[in-house]
Amino acid sequence: MDEKALFDTSGRQINYLRISVTDRCDLRCGYCMPKAFKDYAEPADWLSFDEIERIVRAFVDLGVRHVRLTGGEPLVRKNLPLLAHQLAGIKGLDDLSLSSNCTRMAAMAHGLRKAGVQRLNVSLDTLDPDLFQEITAGKLQKVLEGIEAARQAGFFPIRINTVVMKGINDQHIDALLAYCAERDFTLRLIETMPMGDTGRQALERFVDLQEVKRSLESRHDLIPDMLPGAGPARYYRLSGTKTRIGFITPLSQHCCETCNRVRLIVEGTLHMCLGQEHAYPLRDLLRNGIGNTELKQHLIKALLLKPEKHEFRERPEKVIRFMSMTGG
Ligand SMILES: C[S@@+](CC[C@H](N)C(=O)[O-])C[C@H]1O[C@@H](n2cnc3c(N)ncnc32)[C@H](O)[C@@H]1O
Ligand code: SF4
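Residues numbered from 1 in each chain as written. Chains lettered and ligands numbered in written order. Predicted model: local features only at pLDDT ≥ 70, side-chain atom pairs only at ≥ 80, totals over all residues. Heavy atoms only, no water.

(A) Quick look at the sheet that holds strand β8 (residues 234-238). The strand order across the open sheet built from 12 strands is β7-β8-β9-β6-β5-β4-β3-β2-β1-β10-β11-β12, with neighbouring strands paired in mixed fashion. A strand with exactly one partner marks an edge of an open sheet, and here the two such strands are β7 (222-225) and β12 (279-281). Averaged over all neighbouring strand pairs, the angle between strand axes comes to 25 degrees, with direction disregarded. Pairing of strand β1 (residues 16-20) with strand β10 (residues 261-264) involves four bridges; the strand directions are parallel. When the sheet's bridge partners are listed, L17 is paired in β10 with V262. On the sheet, helix α6 (residues 173-183) packs against β5 (158-163), β6 (186-190), β8 and β9 (244-248) and is oriented at approximately 150 degrees with respect to β6. (Pairing = 2+ DSSP bridges. Helix = DSSP H or I, 4+ residues; strand = E, 2+ residues; numbered from the N terminus. Axes fitted to C-alpha atoms, helices over the stretch in contact; angles between N-to-C directions. Contact = heavy atoms within 4.5 Å.)

This is the structure:
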């Protein structure tokens with residue numbers, strides 16, 4: 001076994017770290033964050049950029065090759081391009097990507113690209129401005145401008161993430177597909193996960209994406225496709241076109257056996273699984289002056305806590321964190 005690699009007790013190699021750089025957000029997607037939520041992490045508890053860089057360096061020494069910045073809304077964190085620049089400079093890190101709602105992207109796209117962010121995932125559940133306002137409490141136009149700015153700044157690939165909700169946006173998939181096809185984006189459909197009360201309430205509108213896939217298959221030939229950094233999504237290309245669609249199906253067909261990731265939240269705790277509470281606090285260790293070798297030993301120990309699988313189906317009541325706290 002490679003000495004410089006992180007393995008969990010199920011024998012899975014962990015080479016991907018997601019970092020939630022803030023638990024704050026300027027939108028309020030109904031399935032993610034409660035409308036009136038204000039109980040954010042205290043700034044004194046946020047990891048500084050230097051602390052994040054230290055943790056990432058330790059992970060990279062242990063074989064991590066991919067980092068995604070997420071949140072909350074990562075662009076809400078002040079000076080994000082500076083953090084991106086710090087991380088992109090780490091030798092051995094092959095891939096720095098970002099998940100964003102793009103409300104603030106128009107002003108930041110060039111800075112983030114220049115800092116070294118290449119791949120972008122964007123939440124977009126509909127192209128209807130009124131429905132968008134209903135789902136997110138935000139303005140669609142700003143988001144579309146942000147996405148266009150990202151495209152022009154050279155982010156590639158750009159993937160559009162859509163949580164499919166029965167009776168809300170399940171009839172909007174064709175319009176989103178056409179929007180993505182015109183711009184060479186990939187559309188990824190996501191099943192609602194019972195994260196926190198918001199996620200659990202949203203299960204009332206749950207759509208099994210196997211049904212959506214069957215309906216698409218009745219109209220198009222779907223050819224299985226591969227994408228770099230594919231993670232839990234299963235991708236297909238619409239025959240005769242360059243259009244790609246991905247399905248993230250944690251409830252109808254999970255793929256925990258290939259999970260390669262852990263998540264660091266803004267308060268410096270490492271979470272082993274979106275759908276479980278296994279966690280390992282790192283912030284106080286850093287602030288109490290541990291050395292780099294010791295830090296790596298802690299990461300190796302933390303990984304032993306990684307559970308075999310989530311239990312979104314069996315125990316939907318289990319996870320009390322909203323998605324915005326851990327970062328999707
Ligand atoms: C938590 S957001 C963070 C990054 C950024 N704010 C954004 O929206 O892209 C990451 C992803 O999580 C998804 N998400 C949030 N809550 C969810 C839930 N309960 N079930 C499934 N996906 C969820 C969002 O749709 C989004 O694509
Ligand atoms: S999904 Fe993203 S944009 Fe929507 S509330 Fe959650 S963190 Fe904010």
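(B) View of the pairing of β6. The buried fraction of β6 is high, at five of five residues. A two-sided burial pattern is seen for β6, the buried positions comprising T186, R188 and I190 on one face and L187 and L189 on the other. Here β5 pairs with β6 via five bridges, running parallel. Each residue of the ladder has a partner; that of I160, found in β6, is L187. As a crossover connection, the stretch from β5 through α6 into β6 is right-handed. Pairing between β6 and β9: five bridges, direction parallel. Bridged to T186 within β9 is R244. (Buried < 20%, exposed > 50% of the residue type's maximum accessible area, 1.4 Å probe, protein only. Right-handed = clockwise from strand over helix to strand, strands pointing away.)

(C) Structural view of the site of ligand 1. The immediate surroundings of ligand 1 are formed by 19 residues, with Y31, G72, E73, S123 and M193 found nearest. One of the backbone nitrogen or oxygen atoms of G72 is found 3.0 Å away from a nitrogen atom of ligand 1. In the environment of ligand 1, an oxygen atom lies 3.5 Å from a nitrogen or oxygen atom belonging to the side chain of N161. Within the complex, 95% of the 550 Å² of free accessible area of ligand 1 lies under protein. (Near = heavy atom within 4 Å. Polar contact = N/O pair within 3.5 Å; in protein donor to acceptor, adjacent residues only side chain to side chain. Areas by Shrake-Rupley, 256 points an atom, 1.4 Å probe, with all protein chains shown as cover.)

(D) The packing of helix α1 (residues 49-61) against helix α2 (residues 80-88), seen in detail. As a packed pair, α1 and α2 sit with axes 10 Å apart at the nearest point and diverge in direction by 30 degrees. With respect to their mutual orientation, α1 and α2 come out roughly parallel. At the point where α1 passes α2, the crossing takes the right-handed sense. Taking contact as the criterion, the partners of F49, D50, I52, E53 and V56 in α1 are, on α2, L80, L82, L83, Q86 and L87. Residue composition of the contact of α1 with α2, by class: seven nonpolar, one polar and two charged. (Parallel < 35°, antiparallel > 145°, perpendicular 65-115°, else oblique. Left-handed = near helix turned anticlockwise from the far one by under 90°. Nonpolar A, V, L, I, M, F, W, Y, C, P; charged D, E, K, R; others polar.)

(E) Examining α6 more closely. Looking only at α6, the buried set comprises I173, L176, L177, Y179 and C180. Down the axis of α6, the buried set is contained in an arc of 160 degrees. They therefore lie on one face. In this fold, the buried residues of α6 make contact with α5 (140-153), β5, β6, α8 (209-217), β8 and β9. Positioned one or two residues after α6, D184 has a phi angle of 60 degrees, which is positive. (Arc of directions from axis to C-beta.)

(F) Here's a closer look at the site of ligand 2. Near ligand 2 the following residues occur: C25, L27, C29, C32, G72 and N101. A class-by-class count of the residues in the shell around ligand 2 yields four nonpolar, two polar and no charged.

(G) Focus on empty space enclosed by the protein. A full pass over the atoms with the stated rule returns one cavity of 30 Å³ or more. Each pocket or cavity is described by its volume, and for the largest cavity that value is around 40 Å³. Every residue along the wall of the largest cavity is listed here: L27, C29, Y31, N101, S123, L124, D125, F132, T136 and V143. Residues of the lining of the largest cavity, tallied by class, amount to six nonpolar, three polar and one charged. (1 Å grid on protein atoms, 1.4 Å probe; cavity = no way out; pocket = protein on both sides within 12 Å on 5 of 7 lines; lining within 4 Å. Points joined across faces, edges and corners; volume = space filled by probe spheres on them.)

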